Every structure is written in C-alpha cells, then in structure tokens.
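# Fold and contact review
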2 protein chains.
Amino acid sequence: MRVKEVADLVGISVRTLHHYDEIGLLVPDQVTESGYRIYSDENLATLQQILFFKELGFPLKKIKEIIQSPSFDQYEALQLHREILIKKRDQLNQMIHTVEKTILHLKGEIEMANEERFEGFDFRKNPYEEEARKRWGDQTVDRSNEVIRNMSKEEQKAFAQSFDAIYRNLASLRHLPPDSEKAQAAIKEWYELLNKINYYSLEMFKALGQIYVDDQRFTKNIDQYGEGLAQFMCEAMAVFADQPKK
Amino acid sequence: MRVKEVADLVGISVRTLHHYDEIGLLVPDQVTESGYRIYSDENLATLQQILFFKELGFPLKKIKEIIQSPSFDQYEALQLHREILIKKRDQLNQMIHTVEKTILHLKGEIEMANEERFEGFDFRKNPYEEEARKRWGDQTVDRSNEVIRNMSKEEQKAFAQSFDAIYRNLASLRHLPPDSEKAQAAIKEWYELLNKINYYSLEMFKALGQIYVDDQRFTKNIDQYGEGLAQFMCEAMAVFADQPKK
DNA sequence: CATAAAGTATCACGTTACGTTAGAGTCAAA
DNA sequence: TTTGACTCTAACGTAACGTGATACTTTATG
C-alpha cells in the first residue's frame, strides 16, 4: 500500500506518514526505485499501535522508544490497550455524571463546589506513561544493560564492584535526609559512574530514580542492601537532579 | 483564586493560564495592583467549558469564537457536552471491541482485514466541529450581520437589492455545473459583494458555502429563490475557493 | 502510443500551544 | 525582618505536523 491508500484507510495525512518515516517511527518495509513508500500489513499493525499510544497522549519520541524496546510485545500492548480503554470508558461515565451535576447546578437544583466541576476530568500529564514504563522499561536502562553486556569480564567485574560499593555506602547513609551533604556526595558518585557507562542527563537520572521505586525488579535488587534504599535513592537522585544549576 | 490555586485545582499549568489570558480566551475578572491575576467562580465555569472543548480537539482560536459567540449559552453547551460524552463512550466500546478482535487475530483464532484494525478509531479531523458550528454559528457570518445592522437604511436597501439580484442570477444558473464559467462568474460577484461587507478569505468563503447547506435557516432562505440553490452555491463556492491560485 | 490527471517525492517555512529559563517584584508566615 | 513561595513579563525552544512549491512517476483514457 502506498501513502494515500494508508492515509485514507486510517484517517491521517500523507504528511504524517512522511513525518513518521523521517523520524524512524514507521519506516515502510519497501521503497520503489522512484522513491515511493510501500507499506506492508506488518507496517499497518505497527501503525495501529502507534496511533493508539498517540491517542493516549504519548509523544512520538516516547512511542518510538516503546515499540522499539526489546521487551515490547504486541500481544501485551493490545492487552494494555484494552485495559486502558476500559479505564477511559469508566472515566467517561464519571465525566458524564459531572456534566449532569453541572447542568442541575445551573438550573439551581443543587449546590456545587468548584472542585466538583472538574471531577472526572483529568488534564494532568499523561497518566498512562507510568503504565507503559512499567511494561516496557526505560530505554536508557536498556542501553546501559547492553553496554555492560558488551564489556569484558574484567570490566564487568570492576563495574559490579563499584556498583556494590556505592550501594553499600548509600545504604549506610539512608537514615540521613536525602538532601544532606553526605547523601548528595554519594549520589554524585553514582551519577558519574552511570555516566561512564552511558549518557544520562540530569532529567534522565531523576527519572531513573523513579524507576527504582516503580519497578519491582529494581526495588527488590536495590533493597537487598538495605530496606528502603530504593526509595531513599529515588529521593536523593531527585534532589541531585533538581539542585540549582551552576 | 490566584494562578497556582486554579492550576492545581484543575491540573493545568500556570503557563497555560497566562497563555489563555494573553490570547483573550480566559481573562481573569480581576487583577491586583501588583499585577496578580484573580480568577472568579465565573472564570472557573468558563474554564470548564474551555477545557472541555479543548479535550474535544478544538483549536483555542475556535474555542474563543464559540464561547464569545452571541448565541453561546452555557446550559446548551453542557447539554452538548453530555451528548458528546455519551457518543465517545459508545465509541470507546467499539474500540474495545476492535482491540479484542485484534487480540484474537493475533492468537490466530480469527481472520482480520486491515480495515478492521482501525474500526472505531477515528483519527480524522475534529468530528465535533460541525456540531459546534450548527449550535453557535460562524463568527464571520455574525460579524457580517452586525455590519449590515449598522448600515443606514439606504445602504441596507442597496445591499439587499444586490443580494437579491445575485441570488436570482444564480438560481437561473443552477442547472449548469458548479464549475462552469457562468456559474463561477456569478460566484465571483457574490464573493466580491460579501467582501464589501466584511473580509472573507477563500477558505472562509468555502466554509460559508458549507454553512448554507448545514444550517437550515440559510438553506430555507436561499432555496426560496430556487430549490437546491443552497446546495448549488455551496458547490460552486467550493470550486471558486479551490481554483488554482494566480 | 500520447496525454492528462492523479499520485508521489523532497524541501522548507509556518502554525499552534504551550514548556522552559531568566530576572525581578510580591506575599505570607515564622 | 527574613525567607521561601508565589507571581509577573519576556522570549527562545519544542513537538507535530500543515501548507505551498516544484519536480518526478503512475495510471487511465482516448
């Protein structure tokens, strides 16, 4: 299928398909000698996933990460889609209820507080991002794991020891406030060590801390060094990332 | 209520509130001497409307037009909100069904065509725009009516006569194809006459033609000159607006 | 086969709706 | 009084296309 056919079938623009190709989000399986994009059935299946995540409010960059994640599984994604759609339907029922209450309020039949006006309406940041991260991990983490996998045994051992040392140090500091000098010094070491493996911006670093508590696998692993360490690190990493810029 | 309180209550950013004030979409009822915005309960009610239309995919510019339309009525808007929410809920049920079918397809239990993958998903342009236009009219039309109302009686009479003449001419041409030379010449006159009253871009002109058939009031009025004239004009105006640019 | 219209490509500026950062002023609580 | 939170304006940046232009390709028809 060429661009117009796909665009018409799906209800998006040709420009959108061009754009998705450009950014590597949906690359057609084939391109003719004259440069025409040919989309396969597989491309269409992927497009469905893309459009669904987009509908849920995910930025394209994030969608790309998700569907290209090693652990991404189409079947699992569809299960999530179904769950979320059901959740949204329930939310819609709540919204209908709120609007109905507002109508009654306008007719003077009931009282209504300002808070009630917005019940069921959720304008905050994409609430489904957490869900996706839990299922498909974080690309930065995945890349780090990849880098470590490609290290020599000696290098791996050296890093493992550094990891161990820092975890132990942090475990011994976890009774301190996350923003204390000692905690922050240890976190700085942690930040620098991670940046030896793979580039982490402060923002990524902070998000990683959040993953430590959100993802049971990380929490379990880290809390071996001391109960509550994952939570402590999460907070300390946020402080570190949020410190005033120099 | 000041910006942070409103932002936290509703789940939007302070920046958004600033932006809405800047573009005149939501202007706080009060501003302190130090320049602080103070939002009233009435402002919150308007914000609810704004956020709802925004959730439905309306551009802010359009939302502004709607809520500032002379015929905008909050009660009516809430009724529409309720209708649309119910529609969306039904659509969600369809989407759930489609996803479930996709899951079965993936498990090899059923066959599925490409078209079926996207059933219930609607990625086209805002489908609720028509609904809103029907209820709250078109700002350009409203402004034209306003201009005419402020004309002297002589001017009004002169324009009425010009309107009449063009309608009659077009009525006599409606058996021709909308893109015929004669039809297009008459439509050009119509375009120029309207632009004497109020500025119409080609895009607006085309949208106005659509209003002639969508809005019963216009259809009735125009079809007095000849059955099907509104439809004919709609098509001819679209041709005129879409003609190659010179 | 020739032609015209529809389809397709790339390029690049424009649009919309904020997000983000910076620097300065204001408010409220301790 | 001090400090931290809040608020303001200004302005650049970002994401995701929309739009218009120009040139090449494909398809259907006479």
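Use the structure listed above.
Conventions adopted
- Residues numbered from 1 in each chain as written.
- Chains lettered and ligands numbered in written order.
- Predicted model: local features only at pLDDT ≥ 70, side-chain atom pairs only at ≥ 80, totals over all residues.
- Heavy atoms only, no water.
- Axes fitted to C-alpha atoms, helices over the stretch in contact; angles between N-to-C directions.
- Helix = DSSP H or I, 4+ residues; strand = E, 2+ residues; numbered from the N terminus.
- Parallel < 35°, antiparallel > 145°, perpendicular 65-115°, else oblique.
- Left-handed = near helix turned anticlockwise from the far one by under 90°.
- Contact = heavy atoms within 4.5 Å.
- Nonpolar A, V, L, I, M, F, W, Y, C, P; charged D, E, K, R; others polar.
- Near = heavy atom within 4 Å.
- Polar contact = N/O pair within 3.5 Å; in protein donor to acceptor, adjacent residues only side chain to side chain.
- Expected span 1.5 Å × (residues − 1).
- Buried < 20%, exposed > 50% of the residue type's maximum accessible area, 1.4 Å probe, protein only.
- Buried area = accessible area lost by both parts, 1.4 Å probe.
- Salt bridge = Lys/Arg side-chain N within 4 Å of Asp/Glu carboxyl O.
- Phe/Tyr/Trp six-rings, centres within 6.5 Å; stacked < 30°, edge-to-face > 60°.
- Least-squares fit on C-alpha atoms with pLDDT ≥ 70 in both.

With that settled, the discussion passes to the packing of helix α9 (residues 153-173) of chain A against helix α10 (residues 181-197) of chain A. All names here are of chain A. Between α9 and α10, the least distance of the axes is 10 Å, while the angle of their chain directions is 160°. Between α9 and α10, the angle is such that the two are roughly antiparallel. Helix-helix and strand crossings are classified by hand; for α9 and α10 the assignment is left-handed. For the pair α9 and α10, contact is made by F159, S162, F163, I166, Y167, N169, L170 and L173 and by K182, A183, A186, I187, E189, W190, L193, L194, K196 and I197, respectively. Per-class residue counts for the contact of α9 with α10 are 13 nonpolar, 2 polar and 3 charged.

Moving on: the protein's contact with DNA strand D. Neighbouring residues of DNA strand D: 19 residues in total, closest S13(A), L60(A), K4(B), H18(B) and R37(B). Take K54(A): an N or O atom from its side chain is 3.3 Å from a phosphate oxygen of DNA strand D. At a separation of 2.6 Å, a phosphate oxygen of DNA strand D approaches a polar side-chain atom of H18(B). Within the residue set of the surface near DNA strand D, elements represented by two or more residues are α2 (14-22) of chain A together with α1 (3-10) and α2 (14-22) of chain B. Tallying contributions element by element places α2(A) first for the surface near DNA strand D, with 4 residues. Residue composition of the surface near DNA strand D, grouped by class: 6 nonpolar, 6 polar and 7 charged.

What follows deals with helix α13 (residues 229-242) of chain B. Between its terminal C-alpha atoms α13(B) stretches 20 Å, which fits the 20 Å expected from 14 residues at 1.5 Å a residue. Of the positions making up α13(B), those classed as buried are L229(B), A230(B), F232(B), M233(B), C234(B), A236(B), M237(B), A238(B), F240(B) and A241(B).

With 40 residues of chain A in contact, the opposing surface of chain B contributes 40 residues. Of the roughly 3900 Å² buried where chain A meets chain B, counting both sides, 73% is carbon and sulfur surface. A per-residue breakdown of the area chain A buries against chain B is headed by Q48(A), F118(A) and F123(A), which together make up 16% of the total. For R82(A), the salt bridge identified is with E100(B), shortest N-O distance 2.6 Å. Put simply, the parts of the chain that give the side of chain A that touches chain B at least two residues each are α1 (3-10), α3 (41-55), α5 (74-106) and α6 (114-117) of chain A. With 19 residues, the top contributor of residues to the side of chain A that touches chain B is α5(A). Its residues placed into classes, the side of chain A that touches chain B shows 22 nonpolar, 8 polar and 10 charged.

All chains considered together, the criterion is met by 11 aromatic pairs over all chains. Between F163(A) and Y167(A) the ring centres are 6.5 Å apart and the planes differ by 90°, which places this aromatic pair in the edge-to-face class. With F163(A) and Y167(A) both in helix α9 and 4 residues apart, the pair spans about one turn of that helix. When its relative accessible area of 7% is taken as the criterion, Y167(A) is described as buried. Ring centres of F163(B) and W190(B) lie 5.2 Å apart, and the angle between their planes is 75°; on these two criteria the pair is classed as edge-to-face. Linking F163(B) in helix α9 (residues 153-173) with W190(B) in helix α10 (residues 181-197), this pair joins segments that are 27 residues apart in sequence. Comparing F163(B) with W190(B) shows no difference in burial state: the two are buried.

A separate point is the relation of the copies chain A and chain B. One chain copy maps onto the other through a rotation about an axis and a shift parallel to that axis. Overlaying chain A on chain B yields an RMSD of 0.2 Å, the required transformation being a rotation through 180° with an accompanying axial translation of 0.0 Å. Such a turn and shift between the copies fits a two-fold axis. When C-alpha positions in chain A are compared against the rotation axis, the closest is assigned to R89(A), at 2.9 Å. An overlap of 100% is found between the interface residues of chain A and their copies at the interface of chain B, pointing to a shared contact surface.

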